[in-house]
Amino acid sequence: MTTLLAPAQAGTIESSDILVMVAPSEEGTGIQVELKSPTMQQYGQHIKAIIIKTLQAEGVRDAVVHANEKGALDYTIEARVKTAVRRAAGKRGF
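Because the structure is a prediction, the values reported are computed rather than measured. (Residues numbered from 1 in each chain as written. Predicted model: local features only at pLDDT ≥ 70, side-chain atom pairs only at ≥ 80, totals over all residues. Heavy atoms only, no water.)

Peer 1: I would appreciate a short explanation of the overall build of the protein chain in the present structure.
Peer 2: Helix and strand counts for the protein chain stand at two helices and four strands. If you list the helices and strands of the protein chain from N to C, you get β-β-β-α-β-α. For 94 residues, the compact-globule formula gives about 12 Å, and the C-alpha radius of gyration of the protein chain, at 12 Å, lands near that figure. Overall, the protein chain is about 30 × 30 × 20 Å in size when its C-alpha atoms are taken along their principal axes. Element-wise, carbon and sulfur atoms account for 49% of the exposed surface of the protein chain, whose accessible area totals about 5,600 Å². For the protein chain, the centre of its 11 positive side-chain charges and the centre of its 10 negative side-chain charges are spaced 5 Å apart. (Helix = DSSP H or I, 4+ residues; strand = E, 2+ residues; numbered from the N terminus. Rg over C-alpha atoms; globule rule 2.2 N^0.38 Å. Areas by Shrake-Rupley, 256 points an atom, 1.4 Å probe, with all protein chains shown as cover. Lys, Arg positive; Asp, Glu negative; His and termini not counted. Charge placed at Lys NZ, Arg CZ, Asp CG, Glu CD.)

Shown next, in the form of structure tokens:
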């Protein structure tokens, strides 16, 4: 299990990228995702699913996530979430 110590972010709001901000939340509250995207109607649920799946794979159970997506591909979303989680957990090099 990964414990988030502080809020952290990764990414940008440039075209083809996503800005992901991750913050710790109370134990037992689960993962809450707030997403902004110009493709919300078509891909919003898919993007949220990638974010949640990546957080769970990183061992995060409770977090608040704010994401501003600008046409990012799946692997970019995953990389940004992983980086934000590792920064929030206090791991160096990210």
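Let us keep going from here.
Peer 1: Would you mind showing me how to read helix α1 (residues 40–57) here?
Peer 2: Residues separated by three or four positions in an α-helix point in the same direction, a consequence of the helix having 3.6 residues per turn. In a regular helix each residue adds 1.5 Å, so 18 residues correspond to 26 Å; α1 covers 24 Å between its end C-alpha atoms and thus fits that length. Looking at α1, one finds that the buried residues are Gly-44, Ile-47, Ile-50, Ile-51, Thr-54 and Leu-55. All buried residues of α1 fall inside an arc of 140° around its axis, so they share one side. The exposed residues of α1 that point more than 90 degrees off its buried face are Gln-45, Lys-53, Gln-56 and Ala-57. One or two residues past the end of α1 sits Gly-59, with phi positive at roughly 90°. (Expected span 1.5 Å × (residues − 1). Buried < 20%, exposed > 50% of the residue type's maximum accessible area, 1.4 Å probe, protein only. Arc of directions from axis to C-beta.)

Peer 1: Help me understand unusual backbone geometry, please; the structure alone is not making it clear to me.
Peer 2: A negative phi angle characterises most non-glycine residues, just as the trans form characterises most peptide bonds. With phi around 65°, Ser-16 is a residue other than glycine that occupies positive phi space. In this fold, Ser-16 is placed in the loop between β1 (8–10) and β2 (18–24).

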